[in-house]
Amino acid sequence: MSICSKKRPSWRRAVRTLLLAAIMFAPLARAEAQTSSPAQATADPYAGLTSTDFDTIVAGVNQIALTGGARARTVLGALGNNDLYTWKYPRPDHGLFIHDPDTGAWTNARTGAAIATPPFMAIRKVIANDMVTGAIATAMGVLDLASPKSATRRAAAEAIFAAPAPATLPVVAQALAHETDPAVRKALTQAQAADELMTPSSSVATRLAAIHVIAARGDLTARNELASLSGQPKPVATAAAAAIAHIDFTLKLWNWLETAYYGISLGSVLLLAAAGLAITFGVMGVINMAHGEMVMIGAYVTFCVQQVFRAYAPGLFGTSVIVAIPAAFAVAGLIGILIERCMIRFLYGRPLETLLATWGLSLILQQATRTLFGAENQNVATPGWMSGYFMLGGLTITLNRLCIIIFAFAVVGGLMAVMRYTPLGLRMRAVTQNRRMAASMGIRTPWIDAMTFGLGSGIAGVAGVALSQIDNVSPNLGQNYIIDSFMVVVFGGVGNLWGTILAALTLGIVNKGLEPVAGAVLGKIVVLVLIILFIQRRPRGLFPVKGRAVET
């Protein structure tokens, strides 16, 4: 009896143990039942992902990219996001499971079918290091080669070129054989060349041809591709070194062109800001320190016009900048005429008093703007047709800068036409060359002075429209350009528009050329010193205005 009483608890413990084991491993059995069979696993492209060796995982990723399949992108995405799991210990079925961190759901990676939560102690996460991540990017590119969109196929070819692998060579060759888009074919040819360089079995002739294709690309990615080569035969290594030197030279040329483009862009901004000052200073001899505020007024007119379009015609908002151009010219021009009639005309012949008076006026205009609009920057939007960029070889052309360059030369061209072909321009040139003679011929010089000041202020307002697209619209906007505008006018020759154009472009290119070497602030100081030295040699600037009054 005592013996039976001792054995019964042991029997009960055994039953409890079996029941607990059945409960614990029931989800595991269901998960195994929903995975591939061992017979399928041997030919399964996903089997390599269950390995703990990163090289084997990379090989599995490449195999998935080659075989494709509806689940390939989902599985690779889960691997890249660290949401892919497998058995902790190797099993014949090579089970793979995807965990959704948002919903907590588990799915079979191969089929996408929902499964019960696998036992936490029986699974592990498939880790993706940098090498695996690069292979995933390449594999995604291979999968995108079958996309109906040419832009997607081209991006896929670029991704393969950036991370070439011998395993992708057959897929790229097959895609190239069926591709009809010229841009995509070019990208695929470059990707094929990169794959051939990475393939150990490629012949020397094939590798030399591949280097020629990559060198023709000529960008930094191609240079890095060639620089990463190692263990190549001597002819291949020599050709790669020569190609790298050629690419370095090409990149340096594009860098110079980019500096010149940004210099022209800066010069066009200076040209817009200085064009009106060249007329005012050249005809009237007035040092107008409030000229920058005319630029600021033009920018705020643009802001007001955009507010009106937002409120009453949002569908036509893209034309707001075009409408703002004549509006800014009219407002700034009328304010300029008012300033000349109320202040400047009493100070002719007294340059110091004119300078002080216009400087004080600039402070008044700034404070009035702060009172009306506030001291904070105002939001002036760039229309859609001025946004974005495009590539010209190795040069990035931004549309807003390109529009400002074209606009600046159009404004100066229109100003030259007014000066040359209109009665107002004829009278302005007459007053510039000899004021007394012009007055004796019946020209009303006071009226010409007012119109000239209004024209110069109007051009400054138009400059404000352009500057509102690339700079902060604030009460201090004009102060950032007034000194540079005077430098452009003096350097080019007072009253000479051709000199203003050349001076603005020269200063813009020199400034941008010095910035990488000396920095922005020191570069401006160097430019100022060079202009001072130049003016010491040529006090009248590059293109001095000729006339009897000037020469006497």
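Please read these numbers as outputs of a predicted model, since none were measured by experiment.

S.K.: What am I meant to see in the packing of helix α15 (residues 399-421) against helix α18 (residues 445-467) here?
M.R.: Two measures define how a pair of helices packs: the angle their axes make with one another and the distance between the axes. It is at 11 Å that the axes of α15 and α18 come closest, and there the two elements cross at 170°. The angle between α15 and α18 falls in the class roughly antiparallel. Note on element contacts: α18 touches α15 through L455, I459, V462 and A466, opposite I404, F407, V411 and L415. Among the residues forming the contact of α15 with α18, the class breakdown is eight nonpolar, no polar and no charged.

S.K.: Could you clarify how one ought to interpret the pairing of strand β1 (residues 84-87) in this entry?
M.R.: In summary, the side chains of a regular strand alternate between the two faces of the sheet. Note: β1 against strand β2 (residues 96-99), three bridges, orientation antiparallel. When the bridges of β2 are listed, Y85 appears paired with F97. Where β1 meets strand β5 (residues 123-125), three bridges bridge the pair, whose relative direction is antiparallel. The partner of Y85 across the bridge, within β5, is K125.

S.K.: Just to check I follow, could you spell out a nonpolar patch on the surface for this structure?
M.R.: Among the surface-exposed residues, L522, I525, V526, V529, L530 and L533 lie close enough to one another that they form a single nonpolar patch of about 510 Å² accessible area. Looking at the secondary structure, you find L530 in helix α21 (residues 520-537). Residue L530 is classed as partly exposed on the basis of its relative accessible area of 47%.

S.K.: Would you explain the pairing of β2 in this entry?
M.R.: Where burial is concerned, the two faces of β2 agree: the one with L96 and I98 and the one with F97 and H99 are both buried. Bridge analysis of β2 against strand β3 (residues 106-108) gives three bridges, and the strand direction is antiparallel. Within β3, the residue paired with I98 across the bridge is T107.

S.K.: What am I meant to see in the confidence of the model for the chain here?
M.R.: Parts of the model with low pLDDT should not have their predicted coordinates read in detail. Scored by pLDDT, the chain comes out at a mean of 81, with 88% of its residues at no less than 70. Of all helices and strands in the chain, the one with the weakest mean pLDDT is helix α2 (residues 38-41) (36), whereas helix α13 (residues 320-342) scores best (93). In the predicted structure, residues 1-42 sits below a pLDDT of 50 and forms 28 contacts with residues beyond four places in sequence or in another chain.

S.K.: How do you make sense of unusual backbone geometry when you look at a structure like this?
M.R.: Both trends apply: most residues other than glycine have a negative phi, and most peptide bonds are in trans. Even without glycine at this site, N82 takes up a positive phi of about 60°. Take N82: it is sitting in the loop between α4 (72-80) and β1. Look at N82 and you get partly exposed, because its relative accessible area is 31%.

S.K.: Looking at this model, I keep getting lost on the sheet that holds β3. Mind explaining?
M.R.: What links the strands of a sheet is backbone hydrogen bonding, and the strands pair in either a parallel or an antiparallel sense. Pairing is antiparallel across the open sheet formed by five strands, whose spatial order is β4-β3-β2-β1-β5. If you trace the sheet from one side to the other, it starts and ends with β4 (114-115) and β5, each paired once.

S.K.: Can you help me understand α13 in this one?
M.R.: Structural remark: α-helix, 3.6 residues per turn; residues separated by three or four positions point the same way. End to end, α13 covers 32 Å across 23 residues, agreeing with the expected 33 Å (1.5 Å per residue, within 8%). Buried residues of α13: S320, V321, A324, A328, A332, G333, G336, I339 and E340, and no others.

S.K.: What exactly am I supposed to notice about the pattern of salt bridges here?
M.R.: Oppositely charged side chains are able to pair whenever their charged atoms sit close together. What the rule picks out here adds up to five salt bridges. Here R341 and E340 are joined by a salt bridge, their closest N and O atoms 2.8 Å apart. Looking at R341, the relative accessible area reads 31%, which means it is partly exposed. The exposure class assigned to E340 is buried, which follows from its relative accessible area of 0%. Here the residues in one salt-bridge network are E158, R217 and D219, joined through shared partners.

S.K.: Can you help me understand the side chain of E293 in this one?
M.R.: Within the secondary structure layout, E293 lies in helix α12 (residues 291-312). Of the side chains with opposite charge, R370 lies nearest to the buried E293, which makes no salt bridge, at 8.1 Å. When near neighbours in sequence (up to four residues on either side) are disregarded, E293 contacts S362, L365, Q366, P475 and Q479.

S.K.: Would you take a moment to explain helix α19 (residues 482-492) for this structure?
M.R.: Counting buried residues in α19 gives nine out of eleven residues, a clear majority hidden from the surface. Those residues of α19 that sit buried are I482, D484, S485, F486, M487, V488, V489, F491 and G492. Of the residues trailing α19, G493 is marked for its positive phi of about 115°.

S.K.: Would you mind showing me how to read the packing of aromatic side chains here?
M.R.: Centre distance and the angle of the planes are the two values used to describe a pair of aromatic rings. Considering all chains together, one arrives at five aromatic pairs under this definition. Taking the centre distance of 4.8 Å and the plane angle of 75° together, the rings of W87 and F97 count as edge-to-face. Residue W87 is found in strand β1, and its partner F97 is found in strand β2; the two are separated by ten residues along the sequence. For W87, a relative accessible area of 3% puts it in the buried group. For the ring pair Y300 and F373, a centre distance of 4.7 Å and an interplane angle of 35° mean the geometry is tilted.

S.K.: Please clarify how the packing of α15 against helix α20 (residues 497-518) should be interpreted in this entry.
M.R.: One can describe the packing of α15 onto α20 by two numbers: an axis separation of 11 Å at closest approach and a directional angle of 165°. In terms of orientation, α15 and α20 fall into the roughly antiparallel class. Crossing hand, α15 versus α20: right-handed. Note on element contacts: α20 touches α15 through L497, W498, I501 and L505, opposite F409, V412, L415, M416 and M419.

Reading guide: rules and limits
- Residues numbered from 1 in each chain as written.
- Predicted model: local features only at pLDDT ≥ 70, side-chain atom pairs only at ≥ 80, totals over all residues.
- Heavy atoms only, no water.
- Axes fitted to C-alpha atoms, helices over the stretch in contact; angles between N-to-C directions.
- Helix = DSSP H or I, 4+ residues; strand = E, 2+ residues; numbered from the N terminus.
- Parallel < 35°, antiparallel > 145°, perpendicular 65-115°, else oblique.
- Contact = heavy atoms within 4.5 Å.
- Nonpolar A, V, L, I, M, F, W, Y, C, P; charged D, E, K, R; others polar.
- Pairing = 2+ DSSP bridges.
- Patch = residues over 30% accessible without salt bridge, like charges linked within 9 Å, V, L, I, M, F, W, Y side chains within 5 Å.
- Areas by Shrake-Rupley, 256 points an atom, 1.4 Å probe, with all protein chains shown as cover.
- Salt bridge = Lys/Arg side-chain N within 4 Å of Asp/Glu carboxyl O.
- Buried < 20%, exposed > 50% of the residue type's maximum accessible area, 1.4 Å probe, protein only.
- pLDDT = per-residue confidence, 0-100.
- Expected span 1.5 Å × (residues − 1).
- Lys, Arg positive; Asp, Glu negative; His and termini not counted.
- Phe/Tyr/Trp six-rings, centres within 6.5 Å; stacked < 30°, edge-to-face > 60°.
- Left-handed = near helix turned anticlockwise from the far one by under 90°.

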